[in-house]
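Residue-level structure breakdown
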There are 2 protein chains.
Amino acid sequence: MALIDHIKRCNAFDPSRYLPFTIAGHPIGAVTRDFAAKLAAFPEVFVTEGAAVRLRDELATPEARTAAVEDVLEHMREAGSAPKKKGELYRVVEHWGDGPLMLIDRAAVPVFGIRAFGVHLNGFVRRNGAIRLWIAQRAADRVIEPGKLDNMVAGGQPAGLDLRENLIKESAEEAGIASDMAQKAVPVGVLGYCMDSEWGLKPDTLFVYDLEVPADFTPRNTDGEVSAFRLMEASDILDLLRNGQSFKFNVPLVLIDFFIRHGLLSPDTEPQYLDLVRGVRAGL
Amino acid sequence: MALIDHIKRCNAFDPSRYLPFTIAGHPIGAVTRDFAAKLAAFPEVFVTEGAAVRLRDELATPEARTAAVEDVLEHMREAGSAPKKKGELYRVVEHWGDGPLMLIDRAAVPVFGIRAFGVHLNGFVRRNGAIRLWIAQRAADRVIEPGKLDNMVAGGQPAGLDLRENLIKESAEEAGIASDMAQKAVPVGVLGYCMDSEWGLKPDTLFVYDLEVPADFTPRNTDGEVSAFRLMEASDILDLLRNGQSFKFNVPLVLIDFFIRHGLLSPDTEPQYLDLVRGVRAGL
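Predicted model only: the values in this text are computed from it and were never measured.

**Quick word on unusual backbone geometry**
The phi dihedral of Ala 51 of chain A is positive, around 55 degrees, even though this residue is not glycine. The residue Ala 51 of chain A is located in the loop between strand S3 (46-49) and strand S4 (52-55) in this model. Phi is positive for Glu 145 of chain B, close to 50 degrees, though the residue is something other than glycine.

Next up, the structure:
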């Protein structure tokens, strides 16, 4: 498996499956043709017209939209045609930084093909010039990719927190990192991808942070999402990436970007260097 | 001036000015309509057909193409319709890493809208957690942007060297950096842009390197291209970038990318953070 194959996997989708979904004229997502047909049962909330789906313009405020869509989702969950509620609200925006057009339960985000945002933290140690990274193993009871390897810390971006606040919260939950240590994490860029998923289209934006941790620090999970942590040589991680799918599907993008930024891949010897640089941000 | 304006300046071009230019079926450049008309005087080398220009397929080897195009350029230089020869050969490729379709004098690269490659080196020092960068001032006799501020080291990528070899050569010439110090430069990614220029289209790919230099190191120019070096606080450089065009036109891209990678811009406070991350690679 070439490094570029991880990027291809995160950017595989079939546009013909989807109809655009808009709110108040903003293109903010996409729904499968099947799901659009189901939304036709709720004409007081959704309008399908000209091969596109929109929220009814009469729903003119974020609060009204949030309530109306949640009401529809609740009906659909009972019929098994929408995913089980996660109880965490995401902001629905056309562009990061915009005020939200509405809020929506995290599980329903791919159902409407809404762009999700998240934070990923590379935890690393330097020794004799070599870099080692703290790699998490996802708990066996995770719905998504149980048992796969993961970044030291990663999490979706809920409504009501800024990125740094979310990073501090996730760092405490996932790796037992104290707030003053998490404050030292350095924002180092943004990655993006877009793929077909079980419930629909998944366009994702990952805000990436690096944190060099002390040699005597060991991450310790507190929320049950991680079963173990291992401190791995960068070269061993690269070997794993080149030889299969040990990592959760989107984590290779974060690691490839880390390897590029830290000079662990060379443009003189990595034939697909330029494709990798472009590829980790293909879905931004 | 917003940071994003530097990126817009490097990505301003009018596609309607140009016709595509191909060699052996490879799209490798673009020529202005005016220049295409002048090439019509050399039908044994160039063919204009269907709003596109191509090198004659009978010129089947890199050597034959290089000689034929240089012969045409020599005639055009005498007539003042091609730029003065620089005496440095660039490789002409569709994709970085391909074998060259031909070589061409550096000055003629924008005339044919051929993608150029180069290396840029951020030289920096850390003190009490703050980062300072070594900034060059271009000599007053430079043809391009005399007197403007520049990276510690930067240079085009000539035929016959790999990137690291070129970086070592340029580091010695521009900043008096010994080979063993230049070897420590870390490749950290690639940037790209595409703009209208005096002679035609300029698509450019910049391989970026970071080098943390010792506190007692001072760069010293040896080839006359730099008139002075200054060690500047990152925050002062950011202020300069936000307040005008003190830097050579493409250097802000390298600096903005440096600020992003080193956490000197925050996604929580820089409203155009995502546009900047995308923008510095817009032309890749």
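**Description of the side chain of Glu 145 of chain B**
All names here are of chain B. By secondary structure assignment, the location of Glu 145 is in the loop between strand S8 (130-138) and strand S9 (149-150). At a separation of 2.8 Å, a polar atom in the side chain of Glu 145 contacts the main-chain amide nitrogen of Phe 249. Discounting chain neighbours no more than four positions away, the residues touching Glu 145 are Arg 9, Arg 138, Lys 248 and Phe 249.

**Re the sheet that holds strand S2 (residues 26-32) of chain A**
Residues and elements named next belong to chain A. One open sheet holds the 4 strands; their spatial order is S2-S1-S4-S3, and the pairing between them is mixed. Lying at the two open borders of the sheet, with one neighbouring strand each, are S2 and S3. The average undirected angle you get between the axes of adjacent strands in this sheet is 30 degrees. Taken together, the 4 bridges between S3 and S4 define a ladder with antiparallel strand orientation. Counted as the bridge partner of Phe 46 is Leu 55 from S4.

**Some words on the relation of the copies chain B and chain A**
For these two chain copies, the linking operation is a rotation about an axis paired with a shift along it. Expressed as a screw transformation, the operator carrying chain B onto chain A has a rotation angle of 180 degrees and an axial translation of 0.0 Å, and the superposed copies differ by an RMSD of 0.0 Å. As the rotation angle and translation indicate, the two copies are arranged about a two-fold axis. Looking at the rotation axis and the C-alpha trace of chain B, the residue lying nearest is Arg 261 of chain B, at 3.8 Å. Looking at chain B, 100% of its interface residues are interface residues in chain A too, so the copies touch through the same face.

**Quick notes on the UniProt feature "domain: Nudix hydrolase" (unreviewed entry) in chain A**
The UniProt record marks residues 104-257 of chain A with the feature "domain: Nudix hydrolase" (unreviewed entry), using the residue numbering of this structure. Here residues 104-257 of chain A runs as 21% helix and 39% strand, with 30 Å between its end C-alpha atoms.

**Focus: the packing of helix H1 (residues 3-10) of chain B against helix H7 (residues 251-261) of chain B**
Residues and elements named next belong to chain B. At a minimum axis distance of 9 Å, the contact between H1 and H7 shows a crossing angle of 135 degrees. Between H1 and H7, the interaxial angle falls into the category oblique. You can see that H1 and H7 cross each other, and the crossing is left-handed. Judged by residue contacts, Leu 3, His 6, Ile 7 and Cys 10 of H1 engage Pro 252, Leu 253 and Ile 256 from H7.

**A short note on the domain arrangement of chain A**
All names here are of chain A. One can read the domain layout of chain A as domain 1 (3-11 + 116-279) and domain 2 (15-112). Just the C-alpha atoms count here: the centres of domain 1 and domain 2 sit 29 Å apart. At the junction of the two partners, domain 1 supplies 13 residues and domain 2 supplies 19 residues. Interface area, domain 1 with domain 2, both sides summed: about 1,400 Å², of which 67% is carbon and sulfur. Among the residues domain 1 hides against domain 2, the three largest losses belong to Phe 117, Trp 199 and Leu 201. Together they make up 43% of the total. Linking domain 1 with domain 2 are 1 salt bridge, by the criterion used here. One salt bridge in this structure joins Arg 17 and Asp 196, with 3.2 Å as the shortest N-O distance. If you look at where domain 1 meets domain 2, you find 5 residue pairs in polar contact (both at pLDDT 80 or more). Among the elements of the structure, strand S7 (116-127) and strand S12 (201-212) are those that each provide at least two residues to the side of domain 1 that touches domain 2. Looking at the side of domain 1 that touches domain 2 residue by residue, the classes come out as 8 nonpolar, 4 polar and 1 charged.

**As for the environment of Pro 43 of chain A**
With respect to the helices, strands and loops of the structure, Pro 43 of chain A is situated in the loop between helix H2 (33-39) and S3. With 12 residues separating them in the primary sequence, Pro 43 of chain A and Leu 55 of chain A have C-alpha atoms 9.5 Å apart.

**A look at helix H3 (residues 62-78) of chain B**
All names here are of chain B. Over its 17 residues, H3 runs 24 Å from end to end, which matches the ideal 24 Å to within 8%, given 1.5 Å per residue. Contact partners of the buried residues in H3: strand S1 (18-23), helix H2 (33-39), strand S3 (46-49), strand S4 (52-55) and strand S6 (102-105). Just downstream of H3 lies Gly 80, where phi reads positive at about 75 degrees.

**Some thoughts on the interface of chain B and chain A**
The interface is formed by 26 residues belonging to chain B together with 26 residues belonging to chain A. Interface area for chain B against chain A, summed over the two sides, is near 2,000 Å², with a carbon-plus-sulfur share of 66%. At the boundary of chain B and chain A, one finds 0 salt bridges. The interface formed by chain B and chain A includes 8 residue pairs in polar contact (both at pLDDT 80 or more). The residue makeup of the side of chain B that touches chain A, split by class, is 15 nonpolar, 5 polar and 6 charged.

**Here's the deal with the environment of Leu 276 of chain A**
Positionally, Leu 276 of chain A belongs in helix H8 (residues 273-279). If sequence neighbours within four positions are ignored, Leu 276 of chain A has contacts with Leu 3, Ile 4, Ile 7, Ile 256, Ile 260, Leu 265 and Glu 270 of chain A.

**Considering the sheet that holds S4 of chain B**
Residue and element names in this part refer to chain B. Overall, mixed pairing links the 4 strands, which are arranged S2-S1-S4-S3 in an open sheet. For this open sheet the edge positions go to strand S2 (26-32) and S3, each flanked by a neighbour on one side alone. This sheet shows a mean twist of 30 degrees between the axes of neighbouring strands, independent of strand direction.

Here is what the cut-offs are and how they apply
Residues numbered from 1 in each chain as written. Chains lettered and ligands numbered in written order. Predicted model: local features only at pLDDT ≥ 70, side-chain atom pairs only at ≥ 80, totals over all residues. Heavy atoms only, no water. Helix = DSSP H or I, 4+ residues; strand = E, 2+ residues; numbered from the N terminus. Polar contact = N/O pair within 3.5 Å; in protein donor to acceptor, adjacent residues only side chain to side chain. Contact = heavy atoms within 4.5 Å. Pairing = 2+ DSSP bridges. Axes fitted to C-alpha atoms, helices over the stretch in contact; angles between N-to-C directions. Least-squares fit on C-alpha atoms with pLDDT ≥ 70 in both. UniProt positions renumbered as here; feature names shortened; annotations may be inferred. Parallel < 35°, antiparallel > 145°, perpendicular 65-115°, else oblique. Left-handed = near helix turned anticlockwise from the far one by under 90°. Domains from an automatic or database assignment. Buried area = accessible area lost by both parts, 1.4 Å probe. Salt bridge = Lys/Arg side-chain N within 4 Å of Asp/Glu carboxyl O. Nonpolar A, V, L, I, M, F, W, Y, C, P; charged D, E, K, R; others polar. Expected span 1.5 Å × (residues − 1).

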